[in-house]
Structures are given as C-alpha cells and as structure tokens.
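Now for the letters of each chain:
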Amino acid sequence: MHPADYFFLGFAGFFSVIGEYKLAFWISTFGILNHAGAAVRAVLDPDWYLRKRVEANLPVDFLNSGIKGLLVIKAIMIVVLSWAAWRAGTRAGYF
C-alpha cells in the first residue's frame, strides 16, 4: 500500500474518533477520488504505471503490467473509504 492510503484511512479514522465527522467525511471523499483517479490513469496510460513502479524500485513484468493487482487494491480501498465516508456523512448530517 502507498503511504497516501495510510494517510486517508488514518486521518479519517482519527477525525471520526474525536467527533469531527465533517472532516472525516471530506478526507474519505478525497481519498476515494484519489484512488479512482489513479486507477483510471493506470488503465488509460499503462506506461505511466510501469514508470512509477520502476521509480519505486518495485518488480516490473513488462508482459504482465500488474494493473489488475492495482485495480483490486484500489477497489478495496474505495469500498473501505466509501463505507467510512457514508458513516461519517451520516453522523455529520449530510445524509
């Protein structure tokens, strides 16, 4: 997982625990957009994704780009952040 994953989950959880549900909602929402944007960019520009893996010194298989694994991780993160955003948004009075 990328450090930004921990940021979104950690800060959204922290703000939810201390009762700042509006901040938790917006951090979760931004995290959803961030993960969705990265997934879309990787699908539209696989070379960008491969370059990022090379920059991070991660294993690269040029025959199998690894985008499927990325999409699974992003989907899981979007589901978790969606649940967190819904829960925080309900408590903040948005829904």
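This text follows the structure it describes.
Just so it is clear, the structure is predicted and the values come from calculations on it, not from any experiment.

Caption draft 1: Examining the packing of aromatic side chains more closely. The full count for this structure, using the stated rule, is nine aromatic pairs. Considering the side-chain rings of Phe25 and Phe95, the 5.9 Å spacing of their centres and the 75° angle between planes classify their relative orientation as edge-to-face. Within this pair, whereas Phe25 is found in helix α2 (residues 21–44), its partner Phe95 is found in the segment after α4 (67–92), the two being separated by 70 residues in sequence. The class of Phe25 is buried, set by a relative accessible area of 11%. In this structure Phe95 comes out as exposed when scored by relative accessible area, which is 60%. Taken together, Phe7, Phe8, Phe11, Phe14, Phe15 and Phe30 form an aromatic cluster joined through their ring pairs.

Caption draft 2: The arrangement of a nonpolar patch on the surface in detail. Judged by side-chain polarity, Phe7, Phe11, Phe14, Val17 and Ile18 come together as a nonpolar surface patch covering roughly 510 Å² of accessible area. With respect to the element layout, Val17 can be found in helix α1 (residues 3–17).

Criteria and cut-off values
- Residues numbered from 1 in each chain as written.
- Predicted model: local features only at pLDDT ≥ 70, side-chain atom pairs only at ≥ 80, totals over all residues.
- Heavy atoms only, no water.
- Phe/Tyr/Trp six-rings, centres within 6.5 Å; stacked < 30°, edge-to-face > 60°.
- Helix = DSSP H or I, 4+ residues; strand = E, 2+ residues; numbered from the N terminus.
- Buried < 20%, exposed > 50% of the residue type's maximum accessible area, 1.4 Å probe, protein only.
- Patch = residues over 30% accessible without salt bridge, like charges linked within 9 Å, V, L, I, M, F, W, Y side chains within 5 Å.
- Areas by Shrake-Rupley, 256 points an atom, 1.4 Å probe, with all protein chains shown as cover.
- Salt bridge = Lys/Arg side-chain N within 4 Å of Asp/Glu carboxyl O.

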